[in-house]
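Descriptive structure summary
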Amino acid sequence: MKDSLALIGLDWSGSRLSAWAYDEAGEILSSTVLHEPERVAPSEYLSRIRFHVSEWLGSWPDVPVIVSGDVGILSQSVTNLAIPVPLVVLPGHLMARDGIWIVPWIRQLSPPDISCGSEAILAGLGEDHASVCIAGRHTRHYDLEHGRILSLSTEITSELRDLLLSAGALSLKDGPAQTFDPRVFREWVERALDTDDAPPVFSVEAAIYTGQLDPASKAAAIAGLLIGADVAAHYDPGDEVLLVADGPLREAYGLAFDALGVEVDEISATEALQDGLFELADLAGLLGED
């Protein structure tokens, strides 16, 4: 692998560091996921990256290393990446720290928002005109026109669902094992899409108490309400949306968009991130001359 290695791409999310080794054509030679026992302080990001990558490869590589995600908090000095902003200027603002190239966060001043690593995913989409929904623990909605990011909205939909189900009056403590029933999920999505009469989240608990909902479907119902409210707040029937997600969230948001009557194209968030890191490194000149 060392003979063909051209770039190391990384993404730090929470306590997880995802790593990919690329050849000069952008093909993935190998990959790994590295873990910290707990979330580390921003001041430790770079030293922990050097430790983990050296452990993975046997030594620190002699090729460029680019990283996105939580590490972007170290880019607070890059203040001129504010929406509206052409996506094409992002490679010129990569920040070199301790032999590592950091993808800076893009900021929005009104209302305040930050991209938190999703900018690298955008770079891998190859889209100049699109409404983009990047669904994750925090879901980000972007509007792109003529290659410019015009707006960003971050919703903590999945995190909020997890918080509701793990603590408080709606928690699953001592409850039955949960099953995902697409029919139940869609039913509660459709209730949330009726923005004039959408029920509060507590309606899920009340529906169980009154015998209208199987307790094993509580998580699906709450997810339906929250995701339905999320898509209803940002899209209208007939819109065209690029859904960037993986796994269960890709399925869930796909069902919600279908219920709303939105035309959806789907792409893997992981693949877009991989492509974006390589594209940014290439456009920044880190890979040398073609």
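Up top you'll find the structure we're talking about.
What comes next concerns the included structure. (Residues numbered from 1 in each chain as written. Predicted model: local features only at pLDDT ≥ 70, side-chain atom pairs only at ≥ 80, totals over all residues. Heavy atoms only, no water.)

This part covers the overall build of the chain. Scanning the chain from N- to C-terminus turns up eight helices and 14 strands. Relative to a compact globule of 290 residues, whose C-alpha radius of gyration would be 19 Å, the chain shows 21 Å and is just as compact. For the chain, the spread of C-alpha atoms along the principal axes amounts to about 65 × 45 × 30 Å. When each of the 290 residues of the chain is scored for burial, the buried share is 46%. The long-range share in the chain, meaning contacts at least 24 apart out of those at least 6 apart in sequence, stands at 61%. For the chain, the exposed area adds up to about 13900 Å²; of that, 48% sits on carbon and sulfur atoms. Of note, the chain has its 17 positive side-chain charges centred 9 Å away from the centre of its 46 negative side-chain charges. (Helix = DSSP H or I, 4+ residues; strand = E, 2+ residues; numbered from the N terminus. Rg over C-alpha atoms; globule rule 2.2 N^0.38 Å. Buried < 20%, exposed > 50% of the residue type's maximum accessible area, 1.4 Å probe, protein only. Contact = heavy atoms within 4.5 Å. Areas by Shrake-Rupley, 256 points an atom, 1.4 Å probe, with all protein chains shown as cover. Lys, Arg positive; Asp, Glu negative; His and termini not counted. Charge placed at Lys NZ, Arg CZ, Asp CG, Glu CD.)

Moving on to the nonpolar core. Membership of the largest hydrophobic core comes to 57 residues, with the highest contact counts inside it found for L10, I49, V71, L122, V132, I149 and V244. Element by element, the count of residues in this core is highest for helix α8 (residues 269-283), at seven residues. In terms of nonpolar packing, the next biggest core, distinct from the first, is built from 19 residues, F185, A252, Y253 and A256 among them. (Core = buried A, V, L, I, M, F, W, Y, C linked by side-chain atoms within 4.5 Å.)

For the rest of this paragraph, the subject is helix α3 (residues 157-166). T157, S158, E159 and L165 are the residues of α3 that are buried. Against β12 (148-155), α6 (218-234) and α7 (247-260) lie the buried residues of α3. Just downstream of α3 lies G168, where phi reads positive at about 90°.

Let us look at unusual backbone geometry. Residue P84 follows I83 across a cis peptide bond; omega there is 5°. Residue position: P84 is located in the loop between β4 (65-69) and β5 (85-86). Looking along the chain, the bond that leaves S110 and enters P111 is cis, with omega of -10°. With phi around 55°, D98 is a residue other than glycine that occupies positive phi space. Topologically, D98 is positioned in the loop between β6 (95-97) and β7 (100-102). By relative accessible area, which is 49% here, D98 ends up partly exposed. Phi angles above zero are rare outside glycine, and C116 is one such case at about 55°. In this fold, C116 is placed in the loop between β9 (112-114) and α2 (118-123).

Moving residue by residue along a regular strand, the side chains alternate between the two faces of the sheet. Of all seven residues that make up strand β2 (residues 16-22), six are buried, and the element is covered over most of its length. In terms of strand pairing, strand β1 (residues 7-13) meets β2 through seven bridges, oriented antiparallel. Directly across from S13, in β2, lies its bridge partner R16. What sits between the antiparallel neighbours β1 and β2 is a turn of two residues, in which G14 has the positive phi angle 65°. Looking at chain direction, β2 and strand β3 (residues 28-35) are connected through seven bridges and run antiparallel. Residue pairing for β3: A21 is matched across the bridge by S30. (Pairing = 2+ DSSP bridges.)

Turning our attention to the sheet that holds β7. Across the sheet, six strands lie side by side as β3-β2-β1-β4-β7-β6; this open sheet has mixed pairing. The outermost strands of the open sheet, each flanked by one partner alone, are β3 and β6. With direction set aside, neighbouring strand axes in the sheet form an average angle of 25°. The strands touched by helix α1 (residues 45-57) within the sheet are β1, β2, β3, β4, β6 and β7, with β1 carrying the most contacts at an inclination of about 125°. (Axes fitted to C-alpha atoms, helices over the stretch in contact; angles between N-to-C directions.)

It is at 10 Å that the axes of α3 and α6 come closest, and there the two elements cross at 150°. What the angle tells us is that α3 and α6 run roughly antiparallel. Judged by the twist between their axes, the crossing of α3 over α6 is right-handed. Across the interface between the two elements, T157, L160, R161, L164 and L165 from α3 touch K218, A219, I222, A223, L226, I227 and D230 from α6. Along the lines of polarity and charge, the residues of the contact of α3 with α6 split into eight nonpolar, one polar and three charged. (Parallel < 35°, antiparallel > 145°, perpendicular 65-115°, else oblique. Left-handed = near helix turned anticlockwise from the far one by under 90°. Nonpolar A, V, L, I, M, F, W, Y, C, P; charged D, E, K, R; others polar.)

The next thing to look at is the sheet that holds β5. Spatial strand order, β5-β12-β11-β10-β13-β14: six strands in an open sheet with mixed pairing. The outermost strands of the open sheet, each flanked by one partner alone, are β5 and β14 (263-267). Where strand β10 (residues 130-134) and strand β13 (residues 240-244) come together, four bridges link them in parallel fashion. Directly across from C133, in β13, lies its bridge partner L243.

Note that every value here comes from positions in space, so none of it alone points to a role or purpose.
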